[in-house]
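Here's the letter readout for the chains.
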Amino acid sequence: MSDPLSLVRKAIAAGESLALVDGSYSLGGFSFPPDTKTAFKRSLGADEHYHTLREIVFCYENAKLPLVGYRTNCLQEKLKALVEADRAALISYLRGETATCPQIDQQAVEAYVPPAPTSTRPKRKAEEISTVAPAEGTVTSADADRLSKLRSKFFPLYASKSSIYNIAGKDDFRSVLKIFNNTVLQRASESGKSQAAGSAAPAPSSSAQRAKPIIVVPSALTSVINMFNAKKFLEEGTYVKPEAAIEMGAAAKKVDVVVRRMGGQRVQLYKLIDDPTNLPPEEWSRIAAVFVTGQRWQFNRWRESDPVQLFQQTLATHLTLEGRPVDPTVLSWNCRVLKVDEFKDYVNAGVVSQFWLNLDDFIQRKKPHLASAPTAQS
């Protein structure tokens, strides 16, 4: 098979790279643009969406991430994410664990017409062609020309920083940026820590090191989200009604920790509470997000009980069920509205991803001191 989906599977089995080269994927001797439609069809939704080659490769590259992390990355890359069932089926197929899956349109596979093969052999100039073989050990003009090309191709890499612009594939530096973020910035951070350790400045207290952004959920048992179901929802993108969570044995803690997976081994920690009335002033400033019910009495006895003022200082989010009307009071507040579906986890995973994106943006704009909140290795 020479369709893009089959070629991706073969490349993975052979251990070949799936990186973009000059803005295209090179698979099986063919060159494919990232937006090439594959035979992998979305199983849910009214529209017949065939996932692009970029979406297929991106799904495989993020296979180890939980669903919420994968969907967050898709939103950042502006890619259409695969629904949960499709994602599992695709990964199994690409890894060779299954021969096919229902999402693959076999008619599209059979009808696919591949592009012209990519030539990997450079054309020879007329002056390089000779009917007379040169004497052994002699260097012809053609040899000298080839050596000159090799020098210009490889040696500049060691000459100066400006020579990097001669590298093939210079139009796509995303892989370089990933390496930079994962190594150079990490080394700079470690260097800064070592310098701080060697300076006369006092070391931060253990309480400061443990400081986490705070997320407040409603305390009412009738709320769409509370301490019974918030942790599972925010960590996994799975929504269960509080009463159902209680029946399944869920216990509500006064204080909990939400572990947000950021990709790879990194996680971000958040403090989860439903009663901020006893927080000391220094902790009150760490409240980053509040889930609101739409009832003003929710904020009784809070340090800041006026919703107008409160929502200037925190990200207000109203979580409601799909199909349920939104309280007009909520619409009058500076509040984001997100809707979950108790029967569709793929919808809920996208909702959680949107919440994290909203929170990241809010913290960067309004509370940058929380942007460097504690992270850990999972």
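Residues numbered from 1 in each chain as written. Predicted model: local features only at pLDDT ≥ 70, side-chain atom pairs only at ≥ 80, totals over all residues. Heavy atoms only, no water.

### Notes on the overall build of the protein
Alright, step 1. The helix and strand tally for the protein stands at 14 helices and 11 strands.
Alright, step 2. Per-residue burial for the protein yields a buried fraction of 39% across its 378 residues.
Alright, step 3. Across the protein, the fraction of contacts at a sequence separation of at least 24, relative to all contacts at a separation of at least 6, is 58%.
Alright, step 4. Surface accessibility of the protein: about 22,300 Å² in total, with carbon and sulfur atoms responsible for 54%. (Helix = DSSP H or I, 4+ residues; strand = E, 2+ residues; numbered from the N terminus. Buried < 20%, exposed > 50% of the residue type's maximum accessible area, 1.4 Å probe, protein only. Contact = heavy atoms within 4.5 Å. Areas by Shrake-Rupley, 256 points an atom, 1.4 Å probe, with all protein chains shown as cover.)

### What about the pairing of strand E8 (residues 287-291)?
Alright, step 1. Summarising burial for E8: 5 of the 5 residues are buried, a large majority.
Alright, step 2. Here 3 bridges tie E8 to strand E9 (residues 315-321), and the two strands are oriented parallel to one another. By the bridge assignment, Val290 is partnered in E9 with Ala316. (Pairing = 2+ DSSP bridges.)

### What to know about the pattern of salt bridges
Alright, step 1. Under the defined criterion, the tally for this structure stands at 8 salt bridges.
Alright, step 2. For Glu61, the salt bridge is made with Arg54, and the minimal N-O distance between the two is 3.8 Å.
Alright, step 3. You can call Glu61 partly exposed: its relative accessible area is 42%.
Alright, step 4. Take Arg54: its relative accessible area is 13%, and that puts it in the buried class.
Alright, step 5. Ionic pairing is found between Arg365 and Asp361, a salt bridge with its closest N-O pair at 2.9 Å. Of this pair, Arg365 and Asp361 both sit in helix H14 (residues 345-366), separated by 4 residues, roughly a single helical turn.
Alright, step 6. Residue classification places Arg365 among the partly exposed positions, given a relative accessible area of 47%. (Salt bridge = Lys/Arg side-chain N within 4 Å of Asp/Glu carboxyl O.)

### Thoughts on helix H3 (residues 67-77)
Alright, step 1. Along H3, 8 of the 11 residues are buried, which leaves the element largely enclosed by surrounding structure.
Alright, step 2. Within H3 the residues assigned to the buried category are Leu67, Val68, Gly69, Tyr70, Arg71, Thr72, Asn73 and Cys74.
Alright, step 3. Looking at the buried positions of H3, the neighbouring elements they touch are helix H2 (53-61), helix H4 (84-94), helix H9 (230-236) and H14.

### Here's the deal with the packing of H2 against H3
Alright, step 1. Between H2 and H3, the least distance of the axes is 11 Å, while the angle of their chain directions is 145°. The handedness of the crossing between H2 and H3 is right-handed. On the side of H2, the interface is formed by Arg54, Phe58 and Cys59, while H3 contributes Tyr70, Asn73, Cys74 and Glu77.
Alright, step 2. Taken together, the residues of the contact of H2 with H3 break down into 4 nonpolar, 1 polar and 2 charged. (Axes fitted to C-alpha atoms, helices over the stretch in contact; angles between N-to-C directions. Left-handed = near helix turned anticlockwise from the far one by under 90°. Nonpolar A, V, L, I, M, F, W, Y, C, P; charged D, E, K, R; others polar.)

### Focus: the confidence of the model for the protein
Alright, step 1. Chain-level pLDDT for the protein is 79 on average; 72% of the residues reach the 70-or-more range.
Alright, step 2. Taken element by element, the protein is modelled with least confidence in helix H8 (residues 206-209), mean pLDDT 42, and with most confidence in strand E5 (residues 214-216), mean pLDDT 98.
Alright, step 3. Within the model, pLDDT remains below 50 along residues 125-131, and this stretch shows 6 contacts once partners closer than five positions in the same chain are excluded.
Alright, step 4. Of the regions scoring below 50 in pLDDT, residues 151-174 engages in 14 contacts with residues more than four places distant in sequence or in other chains. (pLDDT = per-residue confidence, 0-100.)

### Considering empty space enclosed by the protein
Alright, step 1. Per the counting criterion, the structure on display carries 1 cavity of 30 Å³ or more.
Alright, step 2. Considering only enclosed or pocket space, the largest cavity measures out at about 50 Å³ in volume.
Alright, step 3. Considering every element that reaches the lining of the largest cavity, the biggest residue donor is strand E6 (residues 255-263), with 3 residues.
Alright, step 4. Considering only residue class, the lining of the largest cavity consists of 5 nonpolar, 1 polar and 3 charged. (1 Å grid on protein atoms, 1.4 Å probe; cavity = no way out; pocket = protein on both sides within 12 Å on 5 of 7 lines; lining within 4 Å. Points joined across faces, edges and corners; volume = space filled by probe spheres on them.)

### Let's talk about the packing of aromatic side chains
Alright, step 1. Inspection of the entire model under this criterion finds 10 aromatic pairs.
Alright, step 2. Ring geometry for Trp284 versus Trp302: centroids 6.2 Å apart, planes at 85°, classification edge-to-face. One end of the pair, Trp284, is in helix H11 (residues 281-284); the other, Trp302, is in the loop between E8 and helix H12 (307-313), with 18 residues separating them in the sequence.
Alright, step 3. A relative accessible area of 9% places Trp284 in the buried class.
Alright, step 4. A residue is classified by how much of its surface remains accessible, and Trp302, at 8% relative accessible area, is buried.
Alright, step 5. Judged by centre distance (5.7 Å) and plane angle (80°), the ring pair of Phe299 and Phe311 falls under edge-to-face. Note that Phe299 is positioned in the loop between E8 and H12 and Phe311 in helix H12, a separation of 12 residues in sequence. (Phe/Tyr/Trp six-rings, centres within 6.5 Å; stacked < 30°, edge-to-face > 60°.)

### Quick look at helix H1 (residues 4-13)
Alright, step 1. With 7 of 10 residues buried, H1 is to be regarded as a mostly interior element.
Alright, step 2. Residues Pro4, Leu5, Ser6, Leu7, Val8, Ala11 and Ile12 constitute the buried set of H1.
Alright, step 3. Turning to H1, the residues buried within the fold contact strand E1 (25-27), strand E2 (30-32), strand E3 (37-41), H2 and H4.
Alright, step 4. Positive backbone phi, at 75°, marks Gly15, one or two positions downstream of H1.

### Thoughts on the environment of Val257
Alright, step 1. For Val257, the position within the fold is in strand E6.
Alright, step 2. Residue classification places Val257 among the partly exposed residues on the basis of a relative accessible area of 32%.
Alright, step 3. Separated by 16 residues in sequence, Val257 and Ile273 place their C-alpha atoms 8.7 Å apart.

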